[in-house]
Amino acid sequence: MEDFGIYAVFGVNGPPQRLLSPEGSCRVCVAVPPSVRQVVLFSSGPWGQRVCVNAELNDAHRFPITIGKLTPYNKCLSWEQWEEETWTDSVTLDVTLEGGNLVKADWSKPEIMSVKEYTPKEIVAPLAAREIKGKKRERESEEDCDENKTTTTGELENICPNGGVEKTTPVRKARGQSKGAQKLFSSGADATKIKGTANGAGEAQGIVGRTPPQSAARTKSRQAKTPTQTSPLVSPSGRWGQTLCPIDAQTAILIGGQGARMQFCKDPMWKLCTEDMSWVAAETLAEGPTPEARIGHTAIYDPDSRRIFVFGGSKNKKWFNDVHILDTRSWKWTMVEAQGKVPPLAYHSCSMFRGELFVLGGVFPCPNPEPDGCSDSLYIFDPNLSIWYQPIVTGNKPSPRSGHSACVMQQMKIYVFGGWDTPVCYNDMYMLDLGLMEFSAVKTSGKAPSPRSWHGSAVLSDTKFLIHGGYNGNNALTDAFVFDIDTNSWTEVTLPQLSLPRAGHSIVTMETDALFKEDGDVDMDAGSIGRNLLVFGGGDNERNFYSDLTTVAVEDLLAAV
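This structure is a prediction, so every number in the text was calculated from the model and none was measured. (Residues numbered from 1 in each chain as written. Predicted model: local features only at pLDDT ≥ 70, side-chain atom pairs only at ≥ 80, totals over all residues. Heavy atoms only, no water.)

Let's shift gears to the overall build of the protein chain. Of the regular secondary structure elements, the protein chain holds three helices and 41 strands. Within the span of the protein chain, comprising 561 residues, buried residues form 49% of the whole. Excluding contacts between residues fewer than 6 apart, the proportion of contacts in the protein chain whose partners are at least 24 apart in sequence is 60%. Element-wise, carbon and sulfur atoms account for 49% of the exposed surface of the protein chain, whose accessible area totals about 26900 Å². (Helix = DSSP H or I, 4+ residues; strand = E, 2+ residues; numbered from the N terminus. Buried < 20%, exposed > 50% of the residue type's maximum accessible area, 1.4 Å probe, protein only. Contact = heavy atoms within 4.5 Å. Areas by Shrake-Rupley, 256 points an atom, 1.4 Å probe, with all protein chains shown as cover.)

With respect to topology, four strands assemble into an open sheet ordered S2-S1-S4-S7, the strand pairing being antiparallel. What marks the edges here is a single partner per strand, and that holds for strand S2 (17-20) and strand S7 (76-80). Between one strand axis and the next, the sheet turns by 25° as a mean value, whatever way the strands run. Relative to S2, strand S1 (residues 5-10) is paired through three bridges, and the arrangement is antiparallel. The partner of Ala 8 across the bridge, within S2, is Gln 17. (Pairing = 2+ DSSP bridges. Axes fitted to C-alpha atoms, helices over the stretch in contact; angles between N-to-C directions.)

Formed by 26 residues in total, the largest nonpolar core has its most connected members in Leu 41, Trp 79, Leu 93 and Val 95. Elements supplying a minimum of two residues to this core: S1, S2, strand S3 (27-31), strand S4 (38-44), strand S5 (50-58), strand S6 (64-70), S7 and strand S8 (92-99). If we ignore the near neighbours within four places in the chain, the residues touching Leu 41 are Ile 6, Tyr 7, Ala 8, Leu 19, Ala 55, Leu 70, Lys 75, Cys 76, Leu 77, Trp 79, Leu 93 and Val 95. (Core = buried A, V, L, I, M, F, W, Y, C linked by side-chain atoms within 4.5 Å.)

By volume, the second largest pocket amounts to about 1600 Å³. Along its surface, the second largest pocket is lined by 49 residues, and Ile 300, Cys 350, Ala 406, Ile 507 and Val 508 are the ones closest to its centre. Of all elements in the fold, only strand S12 (243-248), strand S16 (298-302), strand S22 (349-353), strand S29 (405-409), strand S33 (456-459) and strand S37 (506-512) reach the threshold of two or more residues within the lining of the second largest pocket. Here the residues of the lining of the second largest pocket are counted per class, giving 23 nonpolar, 22 polar and four charged. (1 Å grid on protein atoms, 1.4 Å probe; cavity = no way out; pocket = protein on both sides within 12 Å on 5 of 7 lines; lining within 4 Å. Points joined across faces, edges and corners; volume = space filled by probe spheres on them. Nonpolar A, V, L, I, M, F, W, Y, C, P; charged D, E, K, R; others polar.)

Our focus in this paragraph is the sheet that holds S12. One open sheet holds the four strands; their spatial order is S12-S13-S14-S15, and the pairing between them is antiparallel. Either end of the sheet is taken by a strand with one partner, and the two such strands are S12 and strand S15 (278-281). The average undirected angle you get between the axes of adjacent strands in this sheet is 25°. In terms of strand pairing, strand S14 (residues 269-273) meets S15 through four bridges, oriented antiparallel. Bridging across to S15, Trp 270 finds its partner in Ala 281.

Attention now goes to the environment of Asp 322. With respect to the helices and strands, the residue Asp 322 is situated in the loop between strand S19 (318-319) and strand S20 (323-327). Taking the C-alpha atoms as reference, Asp 322 lies 5.8 Å from Phe 311; in sequence the two are 11 residues apart. Non-local contacts of Asp 322, meaning those with residues more than four positions away in its chain, are made with Arg 294, Val 310, Phe 311, Gly 312 and Met 335. Side-chain polar atoms of Asp 322 contact the side chain of His 324, separated by 2.9 Å. (Polar contact = N/O pair within 3.5 Å; in protein donor to acceptor, adjacent residues only side chain to side chain.)

Glancing now at the pairing of strand S26 (residues 378-382). With respect to burial, S26 is a largely interior element, five of its five residues being buried. Where burial is concerned, the two faces of S26 agree: the one with Leu 378, Ile 380 and Asp 382 and the one with Tyr 379 and Phe 381 are both buried. By the bridge criterion, three bridges tie S26 to strand S27 (residues 387-389) in an arrangement that is antiparallel. Note that in S27 the partner of Ile 380 across the bridge is Tyr 389. Connecting S26 to the antiparallel partner S27 that follows it, the hairpin turn spans four residues, and Ser 386 within it adopts a positive phi of roughly 50°.

Next up on the list: the pattern of salt bridges. Going through the model one piece at a time under the given rule, you end up with 12 salt bridges. For Arg 329, the salt bridge identified is with Asp 327, shortest N-O distance 3.5 Å. Given a relative accessible area of 51%, Arg 329 falls into the exposed group. Note that Asp 548 and Arg 502 form a salt bridge whose closest N and O atoms lie 2.6 Å from each other. (Salt bridge = Lys/Arg side-chain N within 4 Å of Asp/Glu carboxyl O.)

Counting through the fold element by element, Val 36 comes out in the loop between S3 and S4. Look at Val 36 and you get buried, because its relative accessible area is 7%. Sequence spacing of Val 36 and Val 12 is 24 residues, and the spatial spacing of their C-alpha atoms is 8.4 Å. Apart from the residues within four sequence positions on either side, Val 36 is in contact with Phe 10, Gly 11 and Trp 87.

Turning next to the side chain of Thr 328. Examined against the element boundaries, Thr 328 turns out to sit in the loop between S20 and strand S21 (332-335). Setting aside residues up to four positions removed in sequence, Thr 328 forms contacts with Ile 247, Tyr 301, Arg 306 and Ile 308.

This model, assessed by the stated rule, comprises 17 aromatic pairs. Arranged with centres 6.1 Å apart and planes meeting at 55°, the rings of Tyr 415 and Phe 483 form a pair that is tilted. Linking Tyr 415 in strand S30 (residues 413-421) with Phe 483 in strand S35 (residues 480-484), this pair joins segments that are 68 residues apart in sequence. An aromatic cluster of three or more residues is present, and its members are Tyr 415, Phe 417, Phe 465, Phe 481, Phe 483 and Trp 490. A cation sits over an aromatic face here: Arg 294 above Phe 320, 4.0 Å from the ring centre. (Phe/Tyr/Trp six-rings, centres within 6.5 Å; stacked < 30°, edge-to-face > 60°. Lys NZ or Arg CZ within 6 Å of the ring centre and 35° of its normal.)

Before going further, it helps to examine the state of the cysteines. Per the counting criterion, the structure on display carries zero disulfides. Take Cys 366: it sits in no disulfide, and the sulfur closest to it among the cysteines is that of Cys 374, at 9.4 Å. (Disulfide = S-S within 2.5 Å.)

Moving on, we come to the confidence of the model for the protein chain. For the protein chain, per-residue confidence averages 78 on the pLDDT scale, and 72% of positions sit at 70 or higher. The low-confidence segment residues 103-108, where pLDDT is below 50, has 18 contacts with residues more than four positions distant or belonging to other chains. Per-residue pLDDT stays below 50 along residues 524-528; that stretch engages in three contacts with residues further than four places along the chain or on separate chains. (pLDDT = per-residue confidence, 0-100.)

What follows covers the environment of Val 53. For Val 53, the location among the structural elements is in strand S5. Since its relative accessible area comes to 0%, Val 53 is described here as buried. In this structure the C-alpha to C-alpha distance between Val 53 and Val 95, which are 42 residues apart in sequence, comes to 6.8 Å. Residue contacts for Val 53: discarding those within four places in its chain leaves Ile 6, Trp 47, Gly 68, Lys 69, Leu 70, Val 95, Thr 96 and Leu 97.

Okay, structure coming up:
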């Protein structure tokens, strides 16, 4: 049986080099040659009792550029310089093995190993112009001269799920450019294509509660991230555009998102236990092919089949229209080979009704140079038949949009609010009658929320739902509103727990045995069930991403109405 090993390939022409073996140390640090612009890390051989391999690509100050994890189900990682904004010279790769019978469990600072740069033996120095002409004369008499013609190929192209082709352009940081990152959302015509931001705190550390200023956060992270230890994350890194999906009274699953430096999170899946508000990294818990890192996707839970359905989203210039299913009983991922047609979509809404997924709106890719478009279509996925179809819908349907919210009320109606279609931001309300399959515009009263997209929403009761935060084209918002479907009226509510500007965050309501007080204490009153609003993540459009988990008692929200 082949021995277990961790290997790395440095550059497109480099051979695999063994970094970790069963007889060696559990940790190694390798200096990446300056000329290398691609790194591939992979495992070979049976994993046995080994749990995971943590990998960090660090800059000259040992500050993480990006992080990743090998598991028995995810056995390969790759990085390219154009994807990592701060990848310059003096980059090191830090690899640490966890679990199994470690022969040398030495957690001290490893020596930095050097990698010999690889030069293929077949490479021949370029010929001078006169030599080339001489060679051509010698070949004129040869019959197979066509074989000697040289073909120049460009970069590999990303192929979108719908069959379109887009070229990716390397983005590199100019010398002398400051490390300050772009803002969370772009403005103007490109606002539909949301851009992440860089946070000086770094993705590996995350942000809890209020995010410290950028300079303080960078200093704090570098102090905490010492070269002599590699501590596994105990909570998700700061991010936005993720999904938080409750699966029972005490458990919710966090999937995906984008964080600092416009990087997709390397810790993409977490399990939240509301009994003690603890997080458990869940990527290694599930078998099967996990969804590729993404943002703007949806994840919804079906309590009857006890499965989570993940649909759509995007990653850089790659768009998805795939459906991934996580069975929460067996903890196994499967990818659906669905029939029917649905376009690649991101920032759409997805609602569960009678075991089917109702997908509305969203952004879809258009061939260059056209801007990406917004959809006004409704697609339904039937999991039993694994088929997509478009229902016949009547009435006054919403205009094309993305980043809107959709709340299922009383298992009879879906209320759609807000959203964005360049350059317009909306604050209108539409209702889909699920019995008649008819849309209608809702005339509301009271102080309505200002136009926004990428806000959070959650159902509070049979007749009320919450809208919080979002992005108005310029700023992340802090306000919160409750809508009453009986009176079609808005009421603004003010609570200290909802005072931070957030957009692209997750809000869910969960019934828990504990009621969380404002001072953080837990009231475990026997026999009582507290229904709580949980707010996670998001960004403030000022280069800050959140990884805090804020709780608000639903009864406090309803009392404020």
